[in-house]
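Working through the structure, step by step
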Amino acid sequence: MYVYLSELRQRIKILRPIAEEDAVGNLIEQGKTEVATVWAKVLPYAAKISDGYAEKVDEVSYRIVIRYREDIEVTDIIEWRDRRLIMSAPPYPLDGGRKYLVMEAKELVEDG
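Below is a summary of the structure that appears in this document. (Residues numbered from 1 in each chain as written. Predicted model: local features only at pLDDT ≥ 70, side-chain atom pairs only at ≥ 80, totals over all residues. Heavy atoms only, no water.)

1. Details of the overall build of the protein chain
- Across its full length, the protein chain carries zero helices and seven strands.
- In the protein chain, the succession of α and β elements from N to C terminus is β-β-β-β-β-β-β.
- Taking all 112 residues of the protein chain together, 28% fall into the buried category.
- The long-range fraction of contacts in the protein chain, counting pairs at least 24 apart against all pairs at least 6 apart in sequence, stands at 56%.
- Here the protein chain has roughly 7,500 Å² of accessible surface; of this, 48% comes from carbon and sulfur atoms. (Helix = DSSP H or I, 4+ residues; strand = E, 2+ residues; numbered from the N terminus. Buried < 20%, exposed > 50% of the residue type's maximum accessible area, 1.4 Å probe, protein only. Contact = heavy atoms within 4.5 Å. Areas by Shrake-Rupley, 256 points an atom, 1.4 Å probe, with all protein chains shown as cover.)

This is the structure we're talking about:
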């Protein structure tokens, strides 16, 4: 897969959860801090519908390409078009170079 710089046309926010330990050692999320707002190419590439015994979960997977950064962590959350995406794998450089970074993410869609 090759990406041209001019193809990075969508804005995404990368958010990092802030967690603190409670009295018994459990991590409790206290909020999120913004790591960066960057240009990206967002590619939806798979949708999975799973019917369980008592629930139905729709899951959409995305491949997101941004300029290479070293400060992105697998626990970061991606905000795109009012959607919250969670990473399903650690980010990796495209074609082994340090020009672009690829993030595999998924969106869980819950029916009300």
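After that view of the structure, there is still more to cover.
2. Comments concerning the packing of aromatic side chains
- Following the criterion strictly, the structure yields one aromatic pair and no others.
- Seen from their ring centres, Tyr 62 and Trp 80 are 5.5 Å apart, and the 70° between their planes marks the pair as edge-to-face. Here Tyr 62 is found in strand E3 (residues 56-67), whereas its partner Trp 80 is found in strand E4 (residues 77-80), with 18 residues between them in sequence. Like Tyr 62, the residue Trp 80 is buried in the burial classification.
- When the ring centre of Trp 39 is taken as reference, the NZ or CZ atom of Arg 11 above it lies at 4.4 Å. (Phe/Tyr/Trp six-rings, centres within 6.5 Å; stacked < 30°, edge-to-face > 60°. Lys NZ or Arg CZ within 6 Å of the ring centre and 35° of its normal.)

3. Considerations on the side chain of Glu 104
- In this structure, Glu 104 sits in strand E7 (residues 100-109).
- Among the residues examined, Glu 104 registers a relative accessible area of 8% and is labelled buried.
- Only 2.9 Å separates the side chain of Glu 104 from the side chain of Arg 63, close enough to count as a polar contact.
- Setting aside anything within four residues of it in sequence, one finds Glu 104 in contact with Tyr 45, Tyr 62, Arg 63, Ile 86, Met 87, Ser 88, Ala 89 and Tyr 92. (Polar contact = N/O pair within 3.5 Å; in protein donor to acceptor, adjacent residues only side chain to side chain.)

4. Observations concerning the nonpolar core
- Core analysis: the largest hydrophobic core is formed by 17 residues, its most contacted members being Ile 12, Ile 64, Ile 66, Ile 78 and Met 103.
- Within the residue set of this core, elements represented by two or more residues are strand E1 (10-21), strand E2 (27-51), E3, E4, strand E5 (83-87) and E7.
- With four residues, E2 is the largest single contributor of residues to this core.
- Beyond its immediate sequence surroundings of up to four residues, Met 103 is in contact with Ile 12, Tyr 62, Arg 63, Ile 64, Ile 66, Ile 72, Ile 78, Met 87 and Pro 91.
- With six residues, the next largest nonpolar core counts Val 3, Val 65, Tyr 100 and Val 102 among its residues. (Core = buried A, V, L, I, M, F, W, Y, C linked by side-chain atoms within 4.5 Å.)

Don't take any of this as a statement about function, it's just geometry.
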